[in-house]
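Analysis of the macromolecular model
Residue-level listing of the chains:
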Amino acid sequence: MRKQKSAAKSALIFMSIITCFLLIALLVCYFYTASYYKEHFFPGTVLNGIAVDKMTVEEAEDKVAQEVADYIFTVETRDGEKYQIIGPDIDYVYVPGTEISDILEEQDNYKWITGREGEKNVDLEVSASYNKQKLDKLVSQLECFSDSYIKKPQDAYLRESDTGYELVEAEKGNQIRLKDVQKLARKAVDMGETKLVLTDDVYEEPKVKSNNKKLKKALKNINSYLHTKIKYDVGENGEVLDAKQIKEWITVGADYSVILDESKVTHYVQYLASKYNTYGDVRKFKTTLGDTVKIGGGDYGWVIDKDKEKAQILSEISSGKTIKREPVFNQTAEVKSETYDIGNTYIEIDYTNQHMYFYDNGKLKLESDVVTGNVSRSWGSPDGLFKIIYKERDATLKGENYASDVDYFMVFAYNVGFHDASWRSDFGKDIYKTSGSHGCINMPGDLAEKLYQILPVGTPVIAYYREPVELTAENAKISNAYSYVDKSREQ
């Protein structure tokens with residue numbers, strides 16, 4: 001038993017000695033490794049993307065210096081084009097400092113057991129030097145600054161098209177401000193960055209962009225003009241004022257103000273008047289006897305009120321609507337025609353044959369022999385196209401040396417009209433040449449009464465001579481008679 005206890009005790013002592021030796025060996029290994037990592041970086045240490053695990057400060061500096069020697073600086077445009085500048089071309093070199101040794105000193109070498117695990121990325125402010133003048137020069141020589149490459153920005157603007165105006169979008173172009181890029185490049189290289197991505201901040205921009213408020217307002221105003229359409233109920237086929245004409249009246253100022261040239265509106269109204277006014281026009285008229293005479297003068301016909309029509313256009317032109325209306329007339333006729341506006345309800349006076357006819361809707365309702373103005377005494381009745389101005393019962397006709405009472409008076413020219421002539425027993429023939437009236441149309445009483453009853457005010461009156469005459473009386477002058485002659489001009 002004693003021998004067994006002695007052997008067990010010896011074995012325990014031996015194991016204790018072995019354990020002590022192992023602990024001492026581990027401690028020696030731990031402190032030795034800790035001493036190693038006092039001079040070396042932990043595994044997985046990365047300085048600015050450069051792996052320096054297990055390297056000394058000197059070794060790490062050499063590797064950083066090598067990486068610096070391989071430095072490439074990239075400039076990327078907003079279009080994705082890339083240009084490179086290599087370190088040697090700008091004399092880019094590493095300048096050793098205390099940065100790497102400071103990082104190693106911050107490393108707790110006694111925590112080498114846990115410090116060996118994982119990757120440890122450290123941002124290192126690398127000190128380097130380079131030639132700023134060379135960098136500026138190389139930046140200026142990049143292709144994106146060449147004349148053949150540069151496309152200047154284009155302002156948005158309004159362009160006239162076939163139908164009006166359209167907005168031409170602004171173009172950004174690719175013109176880069178060199179000084180701004182040089183400044184940014186120097187800053188990036190100073191920071192050790194390897195890439196500079198250019199943003200809109202360094203590009204020249206259009207001064208007038210597509211969303212410019214004044215430009216959009218101008219286009220809106222123009223469109224309101226060009227979308228306006230005035231459909232005139234005039235003449236035989238009508239007339240349309242639309243964008244094709246209106247766009248000729250518009251100009252856009254330098255400040256994008258929309259200017260409507262009112263003088264061109266005036267010209268347009270004059271065009272309407274010239275085309276559709278029939279007042280004073282010479283017309284061809286087919287007589288009851290079947291022949292055709294030419295007759296003008298008088299006061300009948302369409303007359304556009306040019307001032308009011310212009311004002312009406314100016315008030316409507318910015319509405320952007322389709323408007324249907326007549327021109328503003330200050331005088332109208334029976335038929336909307338620029339060639340023959342009399343219609344088929346009218347009175348015809350054939351002075352030569354001393355006969356009158358009244359047609360209602362093309363049907364002859366009344367005819368009568370008449371006695372008209374005494375041509376031998378220069379009292380010839382006014383010829384031309386007129387209309388019945390008014391009708392009056394029990395009128396007294398007055399002149400310089402006479403006063404005559406009549407029952408029915410139907411006026412169509414200045415102090416001239418149809419009336420009954422109870423003092424006459426005979427009508428027609430050649431009475432008017434020597435014993436005619438002072439200018440009025442004398443009729444038998446019963447026919448004058450009937451005409452008065454069926455004749456509407458406003459009815460056209462076509463009065464003509466078949467032979468040349470010279471009318472000089474005041475009523476012919478004032479009535480704008482077709483055959484009026486101003487004798488005072490001949491003297």
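The following refers to the structure shown. (Residues numbered from 1 in each chain as written. Predicted model: local features only at pLDDT ≥ 70, side-chain atom pairs only at ≥ 80, totals over all residues. Heavy atoms only, no water.)

**Looking at the overall build of the protein chain**
Helix and strand counts for the protein chain come out as 13 helices and 28 strands. Radius of gyration (C-alpha) of the protein chain: 55 Å, far over the 23 Å computed for a compact globule of 491 residues. For the protein chain, the C-alpha atoms occupy an extent of roughly 190 × 70 × 35 Å along the three principal directions. A buried classification covers 41% of the 491 residues belonging to the protein chain. In the protein chain, 67% of the contacts between residues at least 6 apart in sequence involve partners at least 24 apart. (Helix = DSSP H or I, 4+ residues; strand = E, 2+ residues; numbered from the N terminus. Rg over C-alpha atoms; globule rule 2.2 N^0.38 Å. Buried < 20%, exposed > 50% of the residue type's maximum accessible area, 1.4 Å probe, protein only. Contact = heavy atoms within 4.5 Å.)

**A word on the packing of aromatic side chains**
Scanning all chains against the criterion turns up 16 aromatic pairs. Between Tyr71 and Tyr92, the ring centres sit 4.0 Å apart and the planes meet at 15°, which makes this aromatic pair stacked. Pair noted here: Tyr71 is in the loop between helix 2 (57-69) and strand 3 (72-76) and Tyr92 is in the loop between strand 4 (82-86) and strand 5 (93-94), with a separation of 21 residues, a long-range link. An aromatic cluster of three or more residues is present, and its members are Phe285, Tyr346, Tyr357, Tyr359 and Tyr464. Seen from the ring of Tyr203, Arg78 lies directly overhead, with NZ or CZ sitting 3.8 Å from the centre. Here the basic side chain of Lys391 rests over the ring of Tyr452, its NZ or CZ set 4.8 Å away from the ring centre. (Phe/Tyr/Trp six-rings, centres within 6.5 Å; stacked < 30°, edge-to-face > 60°. Lys NZ or Arg CZ within 6 Å of the ring centre and 35° of its normal.)

**Considerations on the pairing of strand 3**
Side-chain positions along a regular strand alternate between the two faces of the sheet. Buried residues dominate strand 3, accounting for four of its five residues. In sequence, strand 3 turns back onto strand 4 through a hairpin of five residues, with Gly80 there showing a positive phi of about 90°. (Pairing = 2+ DSSP bridges.)

**Side note on the nonpolar core**
If you look at the biggest cluster of nonpolar residues, it comprises 42 residues, and the most contacted ones within it are Trp249, Ile250 and Ile313. Within the residue set of this core, elements represented by two or more residues are helix 7 (213-226), strand 11 (229-232), helix 8 (243-246), strand 14 (258-260), helix 9 (262-276), strand 16 (292-295), strand 21 (355-360) and strand 28 (460-464). Looking at which element gives the most residues to this core, the answer is helix 7, with six residues. Ignoring anything within four residues of it in the chain, the contact list for Ile313 reads Ile230, Tyr232, Leu241, Trp249, Val265, Tyr268, Val269 and Arg325. Grouped together as the second largest cluster of nonpolar side chains are 37 residues, Phe41, Val57, Ala60 and Leu196 included. (Core = buried A, V, L, I, M, F, W, Y, C linked by side-chain atoms within 4.5 Å.)

**A short note on the packing of helix 2 against helix 3 (residues 99-106)**
Axis angle and axis distance: for two packed helices, these are the angle between their axes and the distance between the axes, and together they describe the pair. With their axes 9 Å apart at the nearest point, helix 2 and helix 3 run at an angle of 135° to one another. Here helix 2 lies oblique to helix 3, going by the angle between them. Crossing of helix 2 against helix 3: the hand is right-handed. From helix 2, Val57, Ala60, Glu61 and Val64 reach across to helix 3, where they touch Ile100, Ser101 and Leu104. Of the residues that constitute the contact of helix 2 with helix 3, the class distribution is five nonpolar, one polar and one charged. (Axes fitted to C-alpha atoms, helices over the stretch in contact; angles between N-to-C directions. Parallel < 35°, antiparallel > 145°, perpendicular 65-115°, else oblique. Left-handed = near helix turned anticlockwise from the far one by under 90°. Nonpolar A, V, L, I, M, F, W, Y, C, P; charged D, E, K, R; others polar.)

**Quick word on helix 10 (residues 306-316)**
Along an α-helix, residues three or four apart share an orientation, since each turn contains 3.6 residues. All buried positions along helix 10 are accounted for by Glu309, Ile313 and Glu316. Projected down its long axis, helix 10 shows its buried positions confined to an angular sector of 75°, all on one face. Structural note: helix 10 exposes Asp307, Lys308 and Ser315 on the side pointing more than 90 degrees away from its buried face. (Arc of directions from axis to C-beta.)

**Quick word on the side chain of His40**
Within the secondary structure, His40 sits in the loop between helix 1 (2-37) and strand 1 (45-47). Contact partners of His40, with chain neighbours within four places excluded, come to Lys54, Met55, Thr56, Leu104 and Gln107.

**Some points on the sheet that holds strand 18 (residues 322-325)**
Two orientations exist for strands paired in a sheet by backbone hydrogen bonds: parallel and antiparallel. Strand order in the open sheet formed by three strands is 12-11-18, and the pairing between neighbours is mixed. A strand with exactly one partner marks an edge of an open sheet, and here the two such strands are strand 12 (239-241) and strand 18. The average undirected angle you get between the axes of adjacent strands in this sheet is 15°. Sheet analysis places strand 11 next to strand 18, joined by four bridges and oriented parallel.

**A look at the sheet that holds strand 20 (residues 346-350)**
One open sheet holds the five strands; their spatial order is 22-21-20-28-23, and the pairing between them is mixed. Each edge of the open sheet carries a strand with a single partner, namely strand 22 (363-369) and strand 23 (384-387). Neighbour to neighbour, the strand axes of the sheet diverge by 20° on average, direction disregarded. Of the strand pairs in this sheet, strand 20 and strand 28 are connected by four bridges, and their pairing is parallel. Within the sheet, the bridge partner assigned to Ile349 lies in strand 28 and is Ala463. Against the sheet, helix 12 (residues 445-454) contacts strand 20, strand 21 and strand 22, and its axis sits at roughly 150° relative to strand 22.

**Points about helix 3**
Of the positions making up helix 3, those classed as buried are Ile100, Ile103 and Leu104. Each buried residue of helix 3 sits inside an arc of 100° when the element is viewed along its axis, so together they form one side. Exposed side chains of helix 3 directed beyond 90 degrees from the buried face belong to Glu105 and Glu106.

**Description of the pattern of salt bridges**
Inspection of the entire model under this criterion finds 21 salt bridges. In this structure, the salt-bridge partner of Asp233 is Lys336, at a minimum N-O distance of 2.6 Å. Pair noted here: Asp233 is in the loop between strand 11 and strand 12 and Lys336 is in the loop between strand 19 (329-331) and strand 20, with a separation of 103 residues, a long-range link. The exposure class assigned to Asp233 is partly exposed, which follows from its relative accessible area of 40%. Connected through shared salt-bridge partners, Arg78, Lys172, Asp200 and Glu205 make up one network. (Salt bridge = Lys/Arg side-chain N within 4 Å of Asp/Glu carboxyl O.)

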